Amino acid sequence: MNLDNCPRCGRLYVKNIMELCQPCVKDLEHQYEICVNYLRENRGTNIQELSDATEIPIKEITRFIREGRISIANAPNMMYPCEVCGTLIREGHMCDSCRSRLRKDISNVIKESAAAETPKKPGEGAYRAVDKLRE
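A brief structural summary. Only a predicted model underlies this, so the values are computations on that prediction, with no experimental measurement involved.

Now for unusual backbone geometry. Unlike most non-glycine residues, Glu 19 shows phi in positive territory, near 55°. In this model, Glu 55 sits at a positive phi of 60°, which is unusual for a non-glycine residue. In this fold, Glu 55 is placed in the loop between helix H2 (47-54) and helix H3 (58-66). On the basis of relative accessibility, which here comes to 72%, the residue Glu 55 falls in the exposed class.

So this is what it looks like as structure tokens:
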């Protein structure tokens, strides 16, 4: 039997798909229902207003959006924070500026590693003495 501690409350539980204990799963479902009901009545709300009105943390609301449980397609004001800088976005995990900075950093690392790997001339390797004997 696989046991683990719940990351939300610390209780010991039998591992499941949600990776939470049953009381936390029920609490999370209750929070989800509150969010959905509020959004049905207030379509023009943003994430801060939703959090303030329902007393559900923005982190949990963002989780519902990323899991696809709350759709923001028909909610023009609903956005969630970028995981890197916190700028409000409507899709993905990062805003455009963080994504372009990450791409730039990756390309710089690739260029630096390619420059560091200069090809060795024959006779400079580990078998230099063997190569000299063959000459």
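That was the structure; now back to the text.
Turning next to the side chain of Glu 60. With respect to the helices, strands and loops of the structure, Glu 60 is situated in helix H3. For Glu 60, a relative accessible area of 11% puts it in the buried group. If near-sequence neighbours (up to four positions away) are discounted, Glu 60 is found in contact with Arg 8, Leu 28 and Gln 31.

If you walk through the whole model with that rule in mind, you get seven salt bridges. Among the ionic pairs, Arg 63 bridges to Glu 60, the shortest N-O distance being 4.0 Å. Taken together, the residues Arg 63 and Glu 60, both in helix H3 and three residues apart, mark about one turn of the helix. For Arg 63, a relative accessible area of 25% translates into the label partly exposed. Glu 67 is the salt-bridge partner of Arg 69, the closest N and O atoms lying 3.9 Å from each other. Classification of Glu 67 by relative accessible area gives partly exposed; the value is 42%.

Cut-offs used in this document
Residues numbered from 1 in each chain as written. Predicted model: local features only at pLDDT ≥ 70, side-chain atom pairs only at ≥ 80, totals over all residues. Heavy atoms only, no water. Helix = DSSP H or I, 4+ residues; strand = E, 2+ residues; numbered from the N terminus. Buried < 20%, exposed > 50% of the residue type's maximum accessible area, 1.4 Å probe, protein only. Contact = heavy atoms within 4.5 Å. Salt bridge = Lys/Arg side-chain N within 4 Å of Asp/Glu carboxyl O.

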